[in-house]
Amino acid sequence: MEFRDLKAQYQCIKPKIDKAVTEVMTQGAFIEGKQVRELEEKLAEYVGVKYCISCANGTDALLLALMSWNVGAGDAVFVPDFTFFATAEVVALAGATPVFVDVERDTFNIDVNKLEQAVRRIKEEGKYVPKAVIPVDLFGQPADYEAIKKIAQKYQLYVLEDGAQGFGGSIGNAKACSFGDIATTSFFPAKPLGCYGDGGAVFTDNDEWAEAIRSYKVHGKGTDKYDNVRIGLNSRLDTMQAAILLQKFDHFVQFEIDKCNYVADKYTELLNGVVEVPTVKKYYCSGWAQYTIKLADTSQREKVMKELKAEGIPCVVYYSKPLHRQKAFQDILNMAEDLQTTCELCDTVLSLPMHPYLTDEEIRQVALCVIKAIRG
Ligand SMILES: *Cc1c(COP(=O)(O)O)cnc(C)c1O
């Protein structure tokens, strides 16, 4: 069994992918070929924003957004303590200071009450200027943007939606990657919409930021790439990856999102009452980047992992270490006081195989194995 079965996916759409890849090689426009703009238009339309700007990966996408806002030294940027490293890494890379905020136990997403406490504390201390918040749509479920935007307005913060895991999710009729002032996603192969290498994109309705990001991603170009008006990056999405994504996108929208929701429902049906199953809030829809259960404690998790391993079922702990305990951040001494929930989650979460190609039989096998480990 695969944790995320990219090989099965390829077999399912092989003729289309092979044709698209051959076309790119025949055309020879490997950088900024027409497929890149075509993809950007398609994704902007799907998400419901004015601009989609593709780039080299999801980490650069976040960095480009911060660069367009001139976030830098002296600025505080609020990030969840429970997320992938890149969410906070880009803040430090931009020269600003990440402030770690605890998450909600139920949704794994940033805790808005603790966010407001942290913003107030930073304001009162006066050492850093609160500048932005980066909510993450963790494991596929959008963060609570209604509450986040209220706080952002009150304290004049930019909202940067890290939708690396969120693409395909929604709140009501609004799609993930439309909630932030700027939003980003990643096309890393194992993400909900993945390519065959690295890739990413930035989404925004704002003309000025979109223009700055288009410049920053090509060496701070002015009228062309030999006219340089800013210090930027080399961060483009290859034509090959865009061509692959164009084919995968249709399949993702027509089949994969629904199937992932089906798999999640099946798991929940079988596991509810045995372990703590993930919950999706009313009016919210998850893209199910991960299906993450919570065990009673570390030793119970060990037991379940051992049992799964014995049956050849892959599982992963996302994430085993809170960001504030990463060595790379050891010199940052501006912890918001209470990061307890993140610490508990790091000790108890476990992500099970989740992808659109799991069969009913495989779902049963995984669930029964978890149940066996717990009930003996
Ligand atoms: C994967 C991921 C990123 C980074 O994306 P890359 O394309 O790997 O650079 C950022 N944030 C979160 C939450 C992610 O899961």
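In this report, we go over the structure that sits alongside the text. Please read all numbers here as calculations on a predicted model, not as lab measurements.

### Regarding the overall build of the protein chain
For step 1, the next point in the chain: What the protein chain contains, in helices and strands, is 11 helices and 12 strands.
For step 2, the next point in the chain: Each principal axis of the C-alpha atoms in the protein chain carries an extent, and together these give about 65 × 60 × 35 Å.
For step 3, the next point in the chain: A burial count over the protein chain gives 56% of its 376 residues as buried.
For step 4, the next point in the chain: Restricting the contact set of the protein chain to residue pairs at least 6 apart, pairs at least 24 apart contribute 72%.

### So, the layout of surface pockets
For step 1, the next point in the chain: Of the volumes computed, that of the largest pocket is approximately 480 Å³.
For step 2, the next point in the chain: In terms of lining, the largest pocket is formed by 26 residues, of which the most central are Phe 84, Gln 165, Ser 186, Phe 188 and Lys 191.
For step 3, the next point in the chain: Broken down by secondary-structure element, the contributors of at least two residues to the lining of the largest pocket are α3 (58-68) and α4 (86-93).
For step 4, the next point in the chain: Take the lining of the largest pocket: its biggest share by element is three residues, from α3.
For step 5, the next point in the chain: Within the lining of the largest pocket, the residues separate by chemical class into 13 nonpolar, nine polar and four charged.
For step 6, the next point in the chain: Size it by volume and the second largest pocket reaches roughly 160 Å³.

### With respect to the sheet that holds strand β7 (residues 174-175)
For step 1, the next point in the chain: Reading across from one edge, β7-β6-β10 is the order of the three strands in this open sheet, with antiparallel pairing throughout. The two strands at the open ends of the sheet, each matched to only one other strand, are β7 and β10 (284-285).
For step 2, the next point in the chain: As paired elements, strand β6 (residues 170-171) and β10 share two bridges and run antiparallel to each other. Residue pairing for β10: Ile 171 is matched across the bridge by Tyr 284.

### Brief notes about a nonpolar patch on the surface
For step 1, the next point in the chain: Nonpolar side chains collect at one region of the surface, where Met 25, Phe 30 and Ile 31 lie side by side and expose about 290 Å² of accessible area between them.
For step 2, the next point in the chain: Topologically, Met 25 is positioned in helix α1 (residues 6-27).
For step 3, the next point in the chain: Since its relative accessible area comes to 48%, Met 25 is described here as partly exposed.

### Some remarks on the site of the ligand
For step 1, the next point in the chain: The environment of the ligand is made up of 14 residues, and the closest members are Gly 58, Thr 59, Asp 162, Ser 186 and Lys 191.
For step 2, the next point in the chain: Within the contact set of the ligand, an oxygen atom lies 2.5 Å away from a side-chain nitrogen or oxygen of Thr 59.
For step 3, the next point in the chain: The side chain of Lys 191 places a nitrogen or oxygen atom 2.7 Å from an oxygen atom of the ligand.
For step 4, the next point in the chain: Starting from 380 Å² of accessible surface for the ligand in isolation, the protein chains cover 92%.
For step 5, the next point in the chain: Spatially, the ligand is embedded in the largest pocket.
For step 6, the next point in the chain: Among the secondary structure elements, those contributing two or more residues to the shell around the ligand are α3 and α4.

### Topic: unusual backbone geometry
For step 1, the next point in the chain: Residue Tyr 318 is joined to Tyr 319 through a cis peptide bond whose omega torsion reads 5 degrees.
For step 2, the next point in the chain: On the secondary structure map, Tyr 319 appears in the loop between α9 (298-310) and α10 (340-348).
For step 3, the next point in the chain: One non-glycine residue, Gln 156, adopts positive backbone phi at about 55 degrees.
For step 4, the next point in the chain: Here Gln 156 is to be found in the loop between α6 (145-155) and β5 (158-162).
For step 5, the next point in the chain: Positive phi values are uncommon outside glycine, yet His 219 reaches one of about 55 degrees.

### Some details on α9
For step 1, the next point in the chain: Over its 13 residues, α9 runs 18 Å from end to end, which matches the ideal 18 Å to within 8%, given 1.5 Å per residue.
For step 2, the next point in the chain: Listing the buried residues of α9 in full gives Arg 301, Val 304 and Leu 308. The arc enclosing the buried residues of α9, seen along the axis, measures out at 65 degrees, which places them on a common side. Of the exposed residues in α9, the ones pointing more than 90 degrees away from its buried face are Ser 299, Lys 306, Lys 309 and Ala 310.

### Points about the environment of Ala 367
For step 1, the next point in the chain: Along the chain, Ala 367 falls in helix α11 (residues 360-375).
For step 2, the next point in the chain: Residues Ala 367 and Tyr 267, 100 residues apart in the sequence, show an inter-C-alpha distance of 6.5 Å.
For step 3, the next point in the chain: Apart from the residues within four sequence positions on either side, Ala 367 is in contact with Leu 270 and Leu 271.

### As for the sheet that holds strand β9 (residues 200-204)
For step 1, the next point in the chain: In space, the seven strands of this open sheet follow the order β1-β9-β8-β5-β4-β2-β3, with mixed pairing throughout. The open sheet has two edge strands, β1 (51-55) and β3 (97-101), and neither has a second partner. When strand polarity is set aside, the average angle formed by the axes of neighbouring strands in this sheet is 30 degrees.
For step 2, the next point in the chain: Sheet topology places β1 next to β9; five bridges connect them, and they run antiparallel. Its bridge partner lying in β9, Ser 54 is registered against Ala 201.
For step 3, the next point in the chain: Sheet strands in contact with helix α5 (residues 112-125) are β2 (75-80), β3 and β4 (129-133), and its direction is about 140 degrees off that of β3.

About the criteria used
The residue numbering used here restarts from 1 in each chain and proceeds along that chain's sequence as written. It should be noted that, the model being predicted, local features are given only for residues of pLDDT at least 70 and side-chain atom pairs only at 80 or more, the latter also being counted only at that level, while totals for whole chains, interfaces and linings use all residues. Hydrogen atoms and water are omitted, and side-chain values are computed over all heavy atoms in the structure. To qualify as a helix, a DSSP run of H or I must reach at least 4 residues; to qualify as a strand, a run of E must reach at least 2; elements of each kind are numbered from the N terminus. Relative accessibility decides the category of a residue: with a 1.4 Å probe and only protein chains considered, values under 20% of the type maximum give buried, values over 50% give exposed, and everything between is partly exposed. The contact definition used throughout considers only heavy atoms, calling two residues in contact when any of these lie within 4.5 Å. Put simply, the grid is 1 Å and covers the protein atoms alone, a cavity is a trapped set of points that fit a 1.4 Å probe, a pocket is an open set with protein on both sides within 12 Å along at least five of seven lines, and lining residues have an atom within 4 Å of a point. Grid points are joined across faces, edges and corners, and a volume is the space filled by probe spheres set on the points. Residue polarity follows a fixed list, in which Ala, Val, Leu, Ile, Met, Phe, Trp, Tyr, Cys and Pro are nonpolar, Asp, Glu, Lys and Arg are charged, and the others, Gly among them, are polar. Being paired, for any two strands, means DSSP has found at least two bridges between them. Each patch is built from salt-bridge-free residues with over 30% relative accessible area, joining like charges within 9 Å and nonpolar side chains (Val, Leu, Ile, Met, Phe, Trp, Tyr) within 5 Å. Under the convention used here, a 1.4 Å probe and the Shrake-Rupley method define accessible areas, while residue burial counts only the protein chains that appear. What counts as a salt bridge is simple: a side-chain nitrogen of Lys or Arg found within 4 Å of a carboxyl oxygen of Asp or Glu. Summary of the distance rule: residues count as near a molecule or strand when at least one heavy atom falls within 4 Å of that molecule or strand. For the purposes of these results, a polar contact is taken to be a pair of N or O atoms within 3.5 Å, where, inside protein, one atom must be able to donate a hydrogen and its partner to accept one; residues adjacent in sequence count only when each atom of the pair is a side-chain atom. In this scheme, a molecule is assigned to a cavity or pocket if more than half of its atoms are within 2 Å of the grid points. Expected span of a helix, by definition, is 1.5 Å for each gap between consecutive residues, and there is one gap fewer than residues. Here, the arc refers to the directions that run from the helix axis to the C-beta atoms. Lines are fitted to the C-alpha atoms to define the axes, a helix being fitted only along its stretch in contact, and any angle between axes, read from their N-to-C directions, falls within 0 to 180 degrees.

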